[in-house]
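Per-entry structural report
As a plain string of letters, each chain reads:
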Amino acid sequence: MSESMNPRTVAAANGIAAEDTFGAVTPPICLSSTFTWPGFGRKGPHDYTRTSNPTRTLLADTLAKLEGGAGAVVVSSGMAAIDLVLSQLSSDDIVIVPHDCYGGTHRLLLNRRDRGHFKVRFVDQNDKAALASALKEKPKLILIETPSNPLMRIVDIRAIVAQARTVGAKVAVDNTFLSPALQRPIALGADFVIHSTTKYLNGHSDIVGGAVIAADSADVEALETWANIVGTTGAPFDSFLALRGIRTLFPRVECQQRNAQAVAEFLLSHPLVAACHYPGLPSHPGHAVAKAQQSGFGAMLSFELKGGEVEAGRFVEAVRLFCFAESLGGTESLVAHPATMTHAGMSDEARKAAGITSGLIRLSIGLEDAADLIADLDQALAAIDRPVRSQASA
Ligand SMILES: *Cc1c(COP(=O)(O)O)cnc(C)c1O
């Protein structure tokens, strides 16, 4: 497959019909933990699966091509991918991270900071003054999440990269919420792209995995070395499944975001909904930037119920088609309550600063029929004040 192939073609066909022994069209899975040496002092292309494995290498190659990077390192989870990028920092280095970053990322950063592994500055990256003053400290790394979780805030990757360059900082973008089908941060200037392959890339909610794609081959090598040292490289079976999921990445994401747009428009007009956060709505503050740097608005959204935790609890227990579960990016639609689930580990203060209220609900929109999804949300919203009504009539 030539380097210039469209990412859509890479997803569908990278590594297809490349196996010589049997002429297998689908790349076979190679589970072997160890590989024979062709001779004394002569290593083959793979020697031990922690270090490298044919199935994982094909996934890494596919991810690198999809994101337009020099190479990729496939690891055991999205958290391991973020930790792999952070592993390149030393104790005096500063990393700038979004004030509203993913809950697991927040926990990882605090725990490593408290052990003296690096210094952290939480910054609202849309606040130009705050970002400028943080840059004066000469950070080594800026971590970006756009759209953010769960409020779908958008930051301008190109603009932040330009500022990072002035102080020599590298930029890593967690691209989990969009996938390379909708956003390619390296083309916007980023040095690293991070994925939880658990989400859209695998797309079927049946593995936990992660990857880092680097623009520069020296960075790829450094990350590969570290992943081998600490032993966080991904399992071959998970790599096989992720690759299988990637074959349908583009059509899945395109269908899911069509559904998400319809759901967002429904929620926006509902009387029990105080706000709907979806970058595809013209009223969303990040709409213009999202339109410029993304090739679609994605299939994640969140909304605020009029009310708080009680109303949110009733709502999530009333949905029938949506599953009440964490995670995202699968073929099935999920509903989650960030304040008590994905972001429960954050302090009340940090949650408040990030704007995560008790009435906030997050949706991951799947491949079901849009009208069925809307009907389910409609009946669950109607159920919110039902317990009150039955009490009143009793
Ligand atoms: C899920 C997620 C992660 C963590 O990935 P795991 O595979 O669960 O370890 C990191 N960042 C974002 C944006 C995520 O959604």
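Thresholds, definitions, all that
Residues numbered from 1 in each chain as written. Predicted model: local features only at pLDDT ≥ 70, side-chain atom pairs only at ≥ 80, totals over all residues. Heavy atoms only, no water. 1 Å grid on protein atoms, 1.4 Å probe; cavity = no way out; pocket = protein on both sides within 12 Å on 5 of 7 lines; lining within 4 Å. Points joined across faces, edges and corners; volume = space filled by probe spheres on them. Nonpolar A, V, L, I, M, F, W, Y, C, P; charged D, E, K, R; others polar. Helix = DSSP H or I, 4+ residues; strand = E, 2+ residues; numbered from the N terminus. Contact = heavy atoms within 4.5 Å. Pairing = 2+ DSSP bridges. Axes fitted to C-alpha atoms, helices over the stretch in contact; angles between N-to-C directions. Near = heavy atom within 4 Å. Polar contact = N/O pair within 3.5 Å; in protein donor to acceptor, adjacent residues only side chain to side chain. Areas by Shrake-Rupley, 256 points an atom, 1.4 Å probe, with all protein chains shown as cover. Buried < 20%, exposed > 50% of the residue type's maximum accessible area, 1.4 Å probe, protein only. Right-handed = clockwise from strand over helix to strand, strands pointing away.

What about empty space enclosed by the protein?
In total, this model carries 3 cavities of 30 Å³ or more according to the counting rule given. Roughly 50 Å³ of volume is contained in the second largest cavity. What lines the second largest cavity is a set of 13 residues, and nearest its centre among them are Val74, Val75, Gly209, Asp238 and Ser239. A class-by-class count of the residues in the lining of the second largest cavity yields 6 nonpolar, 6 polar and 1 charged.

Quick notes on the environment of Leu272
With respect to the secondary-structure elements, Leu272 resides in the loop between α9 (249–268) and β8 (273–277). Spatially, the C-alpha atoms of Leu272 and Asp20 are 60 Å apart, while their sequence positions differ by 252 residues. Those residues within four positions of Leu272 in sequence are excluded, and the remaining contacts are Glu304, Leu305, Lys306 and Leu381.

Here's the deal with the sheet that holds strand β7 (residues 210–214)
Strand order in this open sheet of 7 strands is β1-β7-β6-β5-β4-β2-β3, and the pairing throughout is mixed. Two strands close off the open sheet at either side, each with one partner strand: β1 (71–75) and β3 (119–123). Direction aside, neighbouring strands of the sheet carry axes that sit 20 degrees apart on average. Here 5 bridges tie strand β6 (residues 192–196) to β7, and the two strands are oriented antiparallel to one another. Bridged to Ile194 within β7 is Val212. Seen against the sheet, helix α2 (residues 54–67) touches β1, β6 and β7 and runs at an angle of roughly 130 degrees to β1.

Points about the site of the ligand
Taken together, the neighbourhood of the ligand is formed by 14 residues, with Gly78, Asp174, Ser196, Thr198 and Lys199 sitting nearest. Within the side chain of Ser196, an N or O atom sits 2.8 Å from an oxygen atom of the ligand. Separating an oxygen atom of the ligand from a side-chain N or O atom of Thr198 is a distance of 2.7 Å. Look at the ligand: alone it shows 380 Å² of surface, and the protein chains cover 90% of it. Of the residues contributing to the shell around the ligand, the split by class is 6 nonpolar, 6 polar and 2 charged.

Quick word on the layout of surface pockets
By volume, the largest pocket is sized at about 420 Å³. Around the largest pocket, the lining comprises 26 residues; the ones closest to its centre are Thr57, Ala60, Asp61, Ala72 and Glu224. For the lining of the largest pocket, the secondary structure elements donating two or more residues are α1 (7–13), α2, β1 and α7 (217–230). The dominant element in the lining of the largest pocket, judged by the number of residues it contributes, is α2, at 6 residues. Per-class residue counts for the lining of the largest pocket are 10 nonpolar, 10 polar and 6 charged.

Some points on the pairing of strand β2 (residues 94–98)
Among the 5 residues of β2, 5 are classified as buried, and the element is accordingly described as predominantly covered. Pairing analysis gives 5 bridges linking β2 to β3, with the strands arranged parallel. Paired with Val95 across the strands is Val120, a residue of β3. Following the chain from β2 across helix α4 (residues 103–114) to the adjacent parallel β3, one finds a crossover that is right-handed.

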